[in-house]
Amino acid sequence: MEEKKVLFSGMQPSGKPTLGNYLGAFKNWSSLQEEYNCIYCIVDLHAITVRQEPAMLRKYTKELLALYLATGLDSDKNTIYIQSNVTAHAELSWILNCYSYMGELSRMTQFKDKSQKQGNNIPTGLFNYPVLQAADILLYQTSVVPVGEDQRQHLELCRDIAIRFNNIYGDVFTVPEMYIPKIGAKVMGLQNPTKKMSKSDADNENNVIYLLDDLKVIYNKIKRSVTDSDNQIIYSDDKPGIKNLLNIYCGITKKTIEQAESDFKGMGYGAFKEAVAEVVVEEIKPIQARFNEILADKIFLENVIKDGAKKAEYMANKTLRKVKKKIGFIS
Ligand code: TRP
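Model, not experiment: these values are computed from the prediction. (Residues numbered from 1 in each chain as written. Predicted model: local features only at pLDDT ≥ 70, side-chain atom pairs only at ≥ 80, totals over all residues. Heavy atoms only, no water.)

What follows concerns the overall build of the protein chain. A count of helices and strands for the protein chain gives 13 helices and five strands. Taken along its principal axes, the extent of the C-alpha atoms in the protein chain is 70 × 45 × 45 Å. For the protein chain, with 331 residues in total, the buried portion stands at 49%. Intrachain contacts of the protein chain at a sequence separation of at least 6 include 76% that bridge at least 24 residues. Total accessible area on the protein chain is roughly 16400 Å²; 51% of this is exposed by carbon and sulfur atoms. In the protein chain, 43 side chains carry a positive charge and 40 a negative one; their mean positions are 3 Å apart. (Helix = DSSP H or I, 4+ residues; strand = E, 2+ residues; numbered from the N terminus. Buried < 20%, exposed > 50% of the residue type's maximum accessible area, 1.4 Å probe, protein only. Contact = heavy atoms within 4.5 Å. Areas by Shrake-Rupley, 256 points an atom, 1.4 Å probe, with all protein chains shown as cover. Lys, Arg positive; Asp, Glu negative; His and termini not counted. Charge placed at Lys NZ, Arg CZ, Asp CG, Glu CD.)

Written as structure tokens, this is what we have:
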């Protein structure tokens, strides 16, 4: 039997996960677990590139793990683990820093955006963030990385580093491909539908649907979402609010945009929003129930954390040993 290809992705435990995270990541992730050898990481080392409150970091990490599981990731089929539990990430990251250039890292738009918010003291970790991300991916000989469009530049950099390293030392790393899911890859804000729905958007609660929001709150946020005034349910760039709701609807129901447009033909915005709110609430309800069950089962969670770290460590150390040997380190 041919071995399954390795798929790797990760998310930062740096806030409350949103509907955007669900449709852009979790829901796709669980549909990939048969086809690939999937590795899903909680990237807490990335989270500390901006200051985190220890108690909150702990809470968000546990919650994110429970959400990975509650949205359908199977901890037996996949490797699910916490990044800081596998020391190989920090180690390979250091090594790859010596094969990355100031110039290429300075061009990363995410660094430019995030560093602007840091005043005069920009943590160097923020600058090196994409190198750590490259280490994550390359440690596991990853073929496929499902991420949102905003991660394209980081993935290109990861490929460049891998190719550069391979050119010096021979085939050490698999050069990964980016995988962008078709529908629902990008959920926009409900109040500002021209900007991505983000878990770090704490200024406007109504803009963001958190997966752990009360179901009534979720319903009302959708009902209050910003649309336009021509009352036509058509998928168009001129109608970002309606377009976003159609994307959400189709992301959940797996209907095509054309099907959805015809389902809602002639319907007013009020009824349309109710229909969207209904499917969102029905989708999230069982996830919340499972989430609460999982979070309450401390022993189960501890075991998932331990087993995941063990599985990940085994794979990661294999690559790390090879890298160190190629470089000329003595063991
Ligand atoms: N930078 C990614 C994000 O913000 C998270 C991430 C860290 C990641 N390491 C990764 C994603 C490796 C994919 C693969 O979304």
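What follows concerns the packing of helix α1 (residues 19-31) against helix α10 (residues 240-253). Helices that pack against each other are described as a pair by the angle of their axes relative to one another and the distance between those axes. Close contact between α1 and α10 brings their axes to 11 Å; oriented N to C, the two are set at 40°. Looking at the two axes, α1 sits oblique to α10. As α1 runs across α10, the sense of the crossing is left-handed. Where α1 approaches α10, its residues Leu19, Leu23 and Lys27 are matched on the opposing element by Ile248, Gly251 and Ile252. Among the residues making up the contact of α1 with α10, the classes are represented as four nonpolar, one polar and one charged. (Axes fitted to C-alpha atoms, helices over the stretch in contact; angles between N-to-C directions. Parallel < 35°, antiparallel > 145°, perpendicular 65-115°, else oblique. Left-handed = near helix turned anticlockwise from the far one by under 90°. Nonpolar A, V, L, I, M, F, W, Y, C, P; charged D, E, K, R; others polar.)

As a further point, take the domain arrangement of the protein chain. According to the domain assignment, the protein chain consists of domain 1 (6-181 + 297-327) and domain 2 (205-292). Each of domain 1 and domain 2 was reduced to a C-alpha centroid, and the two centroids are 30 Å apart. Contacts between the two partners involve 13 residues from domain 1 and, on the opposite side, 16 residues from domain 2. The junction of domain 1 with domain 2 conceals about 1300 Å² of combined surface from both sides, 73% of it contributed by carbon and sulfur atoms. The tally of links from domain 1 across to domain 2 stands at one salt bridge. (Domains from an automatic or database assignment. Buried area = accessible area lost by both parts, 1.4 Å probe. Salt bridge = Lys/Arg side-chain N within 4 Å of Asp/Glu carboxyl O.)

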